[in-house]
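Residue-level structural notes
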Amino acid sequence: LGTPMVCEAMRDPKKAPIAVIEACDTSDGTHDKLISKCSYYRIPHYRVSVTTELLGHTVGKSGAVAAVGITHEGLFVSLKKYLPEPSPLKEEHHHS
């Protein structure tokens, strides 16, 4: 919940989210960071037409929340029909 925690969770295969949902009014820096991390870890990213305030309220927080990581397969399956197309991820070039 929140960009730092979502980015941190992506590093741990046991905690990594199945998908990341980002609010529509995040800063360019936050958006770029999330796209970059999702691309690197190959995690689907969805930018939804919900503000950080509403996203925070939806997940039971009193303040703004820029991003949420979905870790429950059943929840993701239920939400997926309401989500837009996933954001295109950046191509990662790994040198061998």
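These numbers were taken from a predicted model, which means no experiment stands behind them.

**A short note on helix H2 (residues 28-41)**
With 14 residues, H2 should reach 20 Å at 1.5 Å per residue; the first-to-last C-alpha distance of 20 Å fits that figure. Among all positions in H2, only His 31, Leu 34, Ile 35, Cys 38 and Ser 39 are buried. Buried residues of H2, seen end-on, are gathered within an arc of 130° and therefore sit on one face of the element. Next to the buried residues of H2 lie helix H1 (3-10), strand S1 (19-22), strand S2 (45-47) and strand S3 (67-70).

**A few points about the environment of Ala 67**
Here Ala 67 is to be found in strand S3. It is 7.9 Å that separates the C-alpha atoms of Ala 67 and Thr 52, two residues lying 15 residues apart in sequence. Once you skip the residues sitting within four places of it in the chain, Ala 67 turns out to touch Leu 1, Gly 2, Thr 3, Val 6, Val 20, Ile 21, Glu 22, Leu 34 and Leu 55.

**Here we look at the environment of Ser 36**
With respect to the element layout, Ser 36 can be found in helix H2. Ser 36 sits 51 residues away from Ser 87 along the chain, and the two C-alpha atoms are 11 Å apart.

**Observations concerning the side chain of His 31**
Note on placement: His 31 falls in helix H2. A polar contact of 3.3 Å, which involves the side chain of His 31, links it to the side chain of Arg 47.

Rules used throughout
- Residues numbered from 1 in each chain as written.
- Predicted model: local features only at pLDDT ≥ 70, side-chain atom pairs only at ≥ 80, totals over all residues.
- Heavy atoms only, no water.
- Helix = DSSP H or I, 4+ residues; strand = E, 2+ residues; numbered from the N terminus.
- Expected span 1.5 Å × (residues − 1).
- Buried < 20%, exposed > 50% of the residue type's maximum accessible area, 1.4 Å probe, protein only.
- Arc of directions from axis to C-beta.
- Contact = heavy atoms within 4.5 Å.
- Polar contact = N/O pair within 3.5 Å; in protein donor to acceptor, adjacent residues only side chain to side chain.

Honestly, that's just the spatial picture; any functional story needs more than this.
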